[in-house]
Amino acid sequence: MITNNKEKMNINNSKDSIRKVLDRQILNGYAIKEKGLDAISDYKYSIDDYNASADTSVEILKKNGVQFLDSESFNNKIKEIFGFPDNTSPLSFLVEYPCPTDKLVFQLDDNYVISNNNPIFIDKERKILTEAFFIPELIEYKKDFSDVYEKEDKILKEKTIANDKVQIIRWKDLSDLDEKRQNNIQKLINRNRYLFNNNKGSYAWLQFNDKIFLECLIKTFGYVKDKDLLEWYIKRNGIEKYLNNLDEYIKIFFVKTCDKRFIVHHETFDYFDKNPEKYSKDILKILDEIQNNKIQLDGFTFEEKSKLIAYLLYFGEKHKGKTDLTFAFMGSFYERQTDDLQKKYDEEFKKQKYYGLPEFENYWNNAKNEGDGIGLDM
């Protein structure tokens with residue numbers, strides 16, 4: 001590949017910027033430790049640190065064969081996976097919160113380095129997903145910037161803060177730095193390969209090494225288009241895991257997007273269709289907990305709550321011939337509502353044209369006539 005003068009200049013400028021940031025990070029040290037207390041970081045991470053880290057990330061991805069998308073394709077992918085609207089800022093704060101924040105946040109707590117709880121960013125300028133890494137967490141700086149490494153030997157191992165002596169922990173003294181660096185690099189490569197290159201090998205790596213990230217794609221952002229990912233998530237996160245926290249489990253059925261849309265995941269119900277005997281009982285449990293107010297559905301409008309309930313009722317109703325739960329769903333649900341709520345649900349379902357679900361109207365009208373089946377001549 002031929003590199004023109006402008007590209008060479010950009011590479012050199014980027015390397016100079018990385019050197020300056022690395023120098024500052026190294027001379028500050030990894031952390032400080034006061035006797036009897038945990039190690040903490042007193043480093044103030046800034047946009048300059050992020051830019052140096054992101055430029056380093058780009059070079060790592062290029063060296064490892066990750067294919068970069070054009071702007072339109074990248075933005076379409078971001079919208080598909082994360083549900084972000086088109087006006088999303090160039091840097092978007094992820095994972096802890098489903099929507100971009102107004103202000104850039106480079107640390108999630110005051111103990112940033114030690115907690116290693118990095119925010120994750122979609123970088124629309126560089127067309128990558130990355131974290132706010134420190135440079136030593138990404139490169140073997142002893143090899144790539146030997147002059148900076150030599151400076152580190154001269155760092156004092158103690159300093160005084162507010163009349164108290166504190167120990168300075170140097171980056172080079174971290175026994176597991178090489179291991180952490182390798183893990184960071186692999187996460188960086190495999191997240192980008194999976195999301196933007198549809199790489200199945202990277203997906204497999206993430207399943208074993210970055211489970212929290214994969215889970216948040218479904219649980220936080222509602223990405224259910226990848227059937228393999230959805231199946232993995234459902235098998236890993238069955239209702240048994242969430243019996244004391246069903247508010248968390250039901251996130252598999254819907255997502256509330258940043259542009260205020262409420263989307264029910266028909267993909268989840270399609271998967272449940274494969275085993276209605278098992279999943280009808282799970283859904284019956286959820287409906288029961290909703291009606292007993294043990295699942296709060298906090299922040300839901302009545303329209304959103306009605307839509308979710310309708311899909312849950314419909315699943316059980318259409319499979320009742322296989323499950324022998326003849327009156328457990330729509331009939332029982334209808335009977336347990338007050339007269340006012342019966343009317344309110346009836347009007348909402350009609351207004352929404354029964355959500356386009358086949359036979360929903362017939363199922364619902366039969367439920368109103370037959371109720372929970374008690375007293376019927378069976």
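Below is a short write-up of the structure. (Residues numbered from 1 in each chain as written. Predicted model: local features only at pLDDT ≥ 70, side-chain atom pairs only at ≥ 80, totals over all residues. Heavy atoms only, no water.)

### Let's talk about the sheet that holds strand 6 (residues 164–169)
Part 1 of the argument: Pairing within the open sheet is antiparallel, and its three strands lie in the order 1-6-5. At either end of the open sheet lies a strand with only one pairing partner, and these are strand 1 (31–34) and strand 5 (158–161). The sheet shows a mean angle of 40° between the axes of neighbouring strands, direction not considered.
Part 2 of the argument: Judged from the four bridges that link them, strand 5 and strand 6 form a sheet pairing that is antiparallel. Paired with Thr160 across the bridge in strand 6 is Lys165. (Pairing = 2+ DSSP bridges. Helix = DSSP H or I, 4+ residues; strand = E, 2+ residues; numbered from the N terminus. Axes fitted to C-alpha atoms, helices over the stretch in contact; angles between N-to-C directions.)

### Section: the pairing of strand 4 (residues 128–131)
Part 1 of the argument: Both faces of strand 4 are covered, namely the face carrying Ile128 and Thr130 and the face carrying Leu129 and Glu131.
Part 2 of the argument: Bridge count between strand 3 (residues 120–123) and strand 4: four bridges; the pairing is antiparallel. When the sheet's bridge partners are listed, Ile122 is paired in strand 4 with Leu129.
Part 3 of the argument: The turn joining strand 3 and strand 4, which pair antiparallel and follow one another in sequence, is formed by four residues; a positive phi near 60° is taken by Lys127. (Buried < 20%, exposed > 50% of the residue type's maximum accessible area, 1.4 Å probe, protein only.)

### Points about the pattern of salt bridges
Part 1 of the argument: Evaluation of the coordinates by the stated rule reveals 29 salt bridges.
Part 2 of the argument: A salt bridge links Asp23 to Lys151, with the shortest nitrogen-to-oxygen separation between them at 2.9 Å. Taken together, the positions of Asp23 in helix 1 (residues 5–28) and Lys151 in helix 6 (residues 146–152) put the pair 128 residues apart, joining distant regions of the chain.
Part 3 of the argument: The buried category is assigned to Asp23, whose relative accessible area is 17%.
Part 4 of the argument: For Lys151, a relative accessible area of 39% puts it in the partly exposed group.
Part 5 of the argument: Put simply, Lys318 and Asp273 hold a salt bridge, and the shortest N to O gap is 3.4 Å. (Salt bridge = Lys/Arg side-chain N within 4 Å of Asp/Glu carboxyl O.)

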